[in-house]
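Structural overview
Chain by chain, the residues:
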Amino acid sequence: MARYARVKGSIALITLTNPPVNALSAAVRRGIVESVSRALKDEQVKAVVFCGENEKFCGGADIKEFSGSMSGPPLVPMIHSIEAGEKLMVAAIEGVALGGGLELALGCHYRRHVSAQEALQLGIVDQVAEGSAVQAAMELALSVIGQPLNPRRLSLRAPVWAPDVDGVCDTALAQVKQRSRGAMAPVACVQAVRAAAMLPYSKGMERERQLMDTLFRSGQARAMQYAFFAQRNAGKWSLPNGAQWNNTRARDVQRAGVIGLGTMGRGITVCLVKAGISVVAIETDAKQLESGKKAVTAMLQRDAKRRGVSPPLHLLTFTLSFHQLRDVDLVIEAVFEDMNLKKRVFSDLCKVLRANTLICTNTSGLSVDELAAVTDRQPLVVGMHFFAPAHVMKLLEVVSGSRSSPEAVATAMALGKRIEKVCVAVGNCSGFVGNRMLKLYLDQSVYMLEEGATPEQVDQALEEFGFAMGIFKVSDLSGLDVGWRVRKASGLIGPDVDPVKPSRWRLGRRYCPLPDMLCQQGRFGQKTGRGWYLYDSPGSKEAKSDPEIQTFLKDYRHKYGIIPRRITSQEVIERCAFSLANEGFRILEDRIAASPEDIDVIYLFGYGWPRHRGGPMFYAAQVGLSVVLEKLEHYHRVHPDVPSLEPSRLLRRLVAEGSPPIQQWKSHIKNLRSHL
Ligand SMILES: CC/C=C/CC(=O)SCCNC(=O)CCNC(=O)[C@H](O)C(C)(C)COP(=O)(O)OP(=O)(O)OC[C@H]1O[C@@H](n2cnc3c(N)ncnc32)[C@H](O)[C@@H]1OP(=O)(O)O
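Residues numbered from 1 in each chain as written. Predicted model: local features only at pLDDT ≥ 70, side-chain atom pairs only at ≥ 80, totals over all residues. Heavy atoms only, no water.

Things to note about the site of the ligand
In the vicinity of the ligand lie 21 residues, with G59, A61, G100, R232 and K236 positioned nearest. Within the backbone of A61, one N or O atom sits 2.7 Å away from an oxygen atom of the ligand. In the environment of the ligand, an oxygen atom lies 2.8 Å from a nitrogen or oxygen atom belonging to the side chain of K236. Alone, the ligand offers 1000 Å² of accessible surface; in the complex the protein occludes 64% of this. Ranked by the residues each element gives to the shell around the ligand, the list is headed by helix α9 (residues 219–234), at 3 residues. Class assignment for the residues of the shell around the ligand results in 13 nonpolar, 4 polar and 4 charged. (Near = heavy atom within 4 Å. Polar contact = N/O pair within 3.5 Å; in protein donor to acceptor, adjacent residues only side chain to side chain. Areas by Shrake-Rupley, 256 points an atom, 1.4 Å probe, with all protein chains shown as cover. Helix = DSSP H or I, 4+ residues; strand = E, 2+ residues; numbered from the N terminus. Nonpolar A, V, L, I, M, F, W, Y, C, P; charged D, E, K, R; others polar.)

Structural data, given as structure tokens:
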């Protein structure tokens with residue numbers, strides 16, 4: 001929709017009205033075409049000013065329309081007719097001008113922008129105005145009415161010839177190809193820029209149209225559109241008891257406590273303080289406190305310097321005393337991942353906190369219910385699972401325990417949003433959503449090493465699929481000792497394990513002792529300079545193949561009588577991606593996640609899943625659920641000692657029901673038992 005008004009006698013003001021971001025839906029495009037035609041016909045009108053309702057110019061094409069057949073006037077011819085119009089066209093840009101919104105602005109003969117000094121420098125806008133952009137645009141229009149329009153039409157400008165334009169584009173293309181990890185759109189963008197720089201306008205437009213057509217028809221476009229809405233829907237959380245984002249009030253959090261100043265506690269403290277929340281940061285040891293204080297202060301100073309502001313150090317209190325926590329609204333415990341230690345901390349907290357203070361745990365997989373049980377306030381206990389490094393990673397899993405109150409969940413979700421995280425509400429189970437799935441993905445990766453693959457082969461297949469880093473590089477980065485400790489605590493590694501030939505069968509299923517054996521050799525990953533890869537020195541980041549690992553794997557297979565076989569990239573992807581999705585289906589059955597979109601958002605923002613592949617659940621849907629089922633059945637037949645490869649009930653049910661689109665899966669699991 002577009003509203004038409006004549007103002008100041010000679011100006012037609014066309015306001016895009018499609019809240020919340022005035023996206024260019026079919027109705028808006030129709031409204032623009034009709035309004036422009038009206039303005040061109042009206043002899044009193046000398047200039048047209050375009051603006052967006054609620055001080056948002058335009059968020060671009062309406063992404064919701066991309067999944068159906070497009071109707072209404074097409075965007076590019078509409079912009080061309082504005083640009084070719086015989087009357088002066090001015091864009092009054094406020095808020096956003098993205099994608100098609102920017103194209104619309106560029107189709108006008110004059111633009112302004114309220115806050116983009118950079119756009120001014122780039123020549124995208126002509127003037128930056130304080131106050132109302134619409135008023136400024138109208139004044140500008142009145143001052144230039146009657147001047148020739150041809151010099152203002154971008155389509156009449158000569159291409160930007162530079163002697164080395166081809167070389168510059170080649171270099172950019174090579175860089176983008178390397179960085180985009182298989183994503184088509186960034187590569188097409190460079191190709192379109194090359195066309196714009198080297199071809200006459202009409203030919204450049206034709207090339208852009210071809211590139212756009214290819215992208216539009218691609219599965220990658222579907223995946224990206226899905227990811228866009230999945231991310232926004234994750235904030236609209238709901239619990240099986242009916243509580244949800246729009247019927248539950250979050251508490252205001254002004255002061256928070258952070259317990260433990262290790263890597264996670266430091267990152268969490270930085271996030272909170274940057275959002276303007278006062279933090280009391282606690283350590284039990286003076287030396288640790290001092291080093292935590294130095295690290296947090298340095299991080300905040302670096303960040304403030306980058307943004308040209310002063311660091312909010314006045315919001316910080318570092319102390320060894322729990323008593324300083326008596327006035328905080330919420331505490332985030334970030335101590336070592338040890339149930340007994342966490343329980344002790346929780347009991348101690350209850351002695352000093354106000355009765356209504358929320359207690360959150362940054363556990364990556366321990367039971368929130370078990371922790372809550374030692375407190376005097378079970379409804380006020382929730383999980384806030386941050387991802388390392390906490391001040392950088394966008395994901396936050398908010399874990400609702402069986403007795404967590406809706407208000408506590410709402411408060412953690414609101415706090416997460418305030419500190420600029422992508423928050424997903426999940427239920428309580430071992431590993432929650434992300435790490436519960438990750439375990440099976442890791443299992444498959446190490447099984448493939450036993451069967452004949454190398455860490456390099458597995459990682460290469462995953463990186464070609466689009467992951468930023470292969471699983472073995474990730475393990476080296478996060479430290480192999482972390483999982484080792486968890487396996488010890490869970491009883492998988494005990495005194496009865498043969499140190500020379502450790503069993504490959506534990507707790508009734510296949511077990512791969514390779515990661516434990518690496519840890520026994522002190523190979524903890526980057527931190528020790530050796531893990532699945534070799535590093536120049538402890539702490540360095542560049543992973544190099546390690547001949548010792550190749551020999552170690554050969555000896556291992558020999559010791560266990562395993563005949564190595566060639567493992568293809570396809571097998572790597574199928575076993576990793578379909579194991580993830582299969583566990584995702586179980587998680588949906590168990591109601592630990594409310595929707596497949598939530599699972600995908602967790603993998604996109606917490607585990608480096610490539611955005612152009614939507615997420616593991618979307619990928620399974622895109623490959624075809626019957627194909628996924630068939631493959632899992634095959635791998636389970638070949639590996640009957642890996643029960644997790646058995647296809648989940650939900651997957652079977654969905655296939656039996658004709659593989660409905662992913663948006664309909666929720667209704668197929670409605671009647672399953674709830675754990676949330
Ligand atoms: C066919 C020709 C193609 C032309 C090229 C294009 O134009 S492609 C589209 C290019 N535009 C974009 O990619 C913009 C995407 N949107 C954003 O980046 C952000 O939403 C924003 C505009 C910067 C606003 O961010 P903010 O954080 O303020 O709000 P939200 O992201 O939460 O969005 C608010 C609601 O608006 C919906 N929405 C946003 N953009 C679009 C869009 N282009 N089409 C349709 N819907 C859009 C978003 O889904 C939110 O909806 P809720 O229902 O409130 O969740």
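Having seen it, we continue.
Let's talk about the environment of P647
Tracing the sequence through the fold places P647 in the loop between α24 (625–638) and α25 (649–656). Residues P647 and N582 lie 65 residues apart in sequence; the distance between their C-alpha atoms is 6.4 Å.

Structural notes on the domain arrangement of the protein chain
What the domain assignment reports for the protein chain is domain 1 (2–156), domain 2 (165–217), domain 3 (255–432), domain 4 (453–459 + 470–559) and domain 5 (569–668). Using C-alpha coordinates to define each centre, domain 2 is positioned 45 Å away from domain 3. (Domains from an automatic or database assignment.)

Overview of a nonpolar patch on the surface
Residues M469, V474 and L477 make up a contiguous nonpolar surface patch of about 220 Å² in total accessible area. You can see L477 is positioned in helix α17 (residues 471–478). A relative accessible area of 45% places L477 in the partly exposed class. (Patch = residues over 30% accessible without salt bridge, like charges linked within 9 Å, V, L, I, M, F, W, Y side chains within 5 Å. Salt bridge = Lys/Arg side-chain N within 4 Å of Asp/Glu carboxyl O. Buried < 20%, exposed > 50% of the residue type's maximum accessible area, 1.4 Å probe, protein only.)

Some details on the pairing of strand β2 (residues 11–16)
Of all 6 residues in β2, 6 are buried, a share of seventy percent or more. Residues I11, L13 and T15 of β2 are buried on one face, and the alternating residues A12, I14 and L16, pointing to the opposite face, are buried as well. In the sheet, strand β1 (residues 2–7) pairs with β2 via 6 bridges, with the strands oriented antiparallel. For R3, the partnering residue across the bridge sits in β2 and is T15. Of the strand pairs in this sheet, β2 and strand β3 (residues 47–52) are connected by 6 bridges, and their pairing is parallel. Each residue of the ladder has a partner; that of L13, found in β3, is V49. Between the parallel elements β2 and β3, the chain passes through helix α1 (residues 26–41) in a crossover that is right-handed. (Pairing = 2+ DSSP bridges. Right-handed = clockwise from strand over helix to strand, strands pointing away.)

Describing α1
Compared with an ideal rise of 1.5 Å per residue, which puts 16 residues at 22 Å, α1 spans 23 Å between its outermost C-alpha atoms and is within 8% of the ideal. Listing the buried residues of α1 in full gives A26, V28, R29, G31, I32, S35, V36 and A39. The elements touched by buried residues of α1 are β1, β2, β3, α2 (75–84), β4 (88–93) and α3 (100–107). (Expected span 1.5 Å × (residues − 1). Contact = heavy atoms within 4.5 Å.)

Digging into the packing of aromatic side chains
Using the criterion set out here, one finds 16 aromatic pairs in the structure. When the ring of W484 is compared with that of F524, the centres are 6.1 Å apart and the planes differ by 55°; the resulting orientation is tilted. Here the residue W484 occupies a position in helix α18 (residues 480–489), and F524 occupies one in the loop between α19 (514–520) and α20 (547–559), the gap between them amounting to 40 residues. Here W484 and F524 have matching classes, each one buried. Aromatic rings pair up to connect Y441, F465, F467, F578, W609 and Y619 into one cluster. Cation over ring: K488 sits above W484, and NZ or CZ is 3.6 Å from the ring centre. (Phe/Tyr/Trp six-rings, centres within 6.5 Å; stacked < 30°, edge-to-face > 60°. Lys NZ or Arg CZ within 6 Å of the ring centre and 35° of its normal.)

Considerations on the sheet that holds strand β10 (residues 330–333)
The strand order across the open sheet formed by 8 strands is β9-β8-β7-β10-β11-β12-β13-β14, and the pairing between neighbours is mixed. Only two strands of the sheet have a single partner each, and these edge strands are β9 (316–319) and β14 (422–427). With direction set aside, neighbouring strand axes in the sheet form an average angle of 25°. Two elements, strand β7 (residues 255–259) and β10, share 4 bridges in a ladder whose sense is parallel. The residue bridging I259 from the neighbouring strand is E333, located in β10. This element, helix α10 (residues 263–274), spans β7, β8 (278–282), β9, β10 and β12 (381–386) of the sheet and lies at about 170° to β7. Helix α22 (residues 596–606) contacts β13 (395–400) and β14 of the sheet and is inclined by roughly 130° relative to β14. (Axes fitted to C-alpha atoms, helices over the stretch in contact; angles between N-to-C directions.)

Describing the side chain of H639
Within the secondary structure layout, H639 lies in the loop between α24 and α25. With residues near it in sequence (within four places) discarded, H639 still touches E451, R510, R575 and L645.

Side note on the pattern of salt bridges
Under the criterion given, the structure shown has 41 salt bridges. With a shortest N-O distance of 2.8 Å, E206 and R209 are connected by a salt bridge. You can see E206 and its partner R209 sitting in helix α8 (residues 201–217), 3 residues apart, about one turn around the helix. The salt bridge partner of E333 is K342, with a shortest N-O separation of 2.6 Å. Accessibility classification places E333 together with K342 in one group, the buried group. Here the salt bridges do not stand alone but share partners, grouping E450, E451, R504, R510, R565, E571 and R575 into one network.

A word on α8
Under the 1.5 Å per step criterion, the end-to-end length of α8 is 24 Å for 17 residues, consistent within 8% with the ideal 24 Å. For α8, the set of buried residues is G204, L211 and L215. Buried residues of α8, viewed axially, fall in a sector of 45°; they line one side. Exposed residues pointing more than 90 degrees away from the buried face of α8 are listed as S202, K203 and R217. Those residues of α8 hidden inside the fold are in contact with α7 (184–198) and α9. (Arc of directions from axis to C-beta.)

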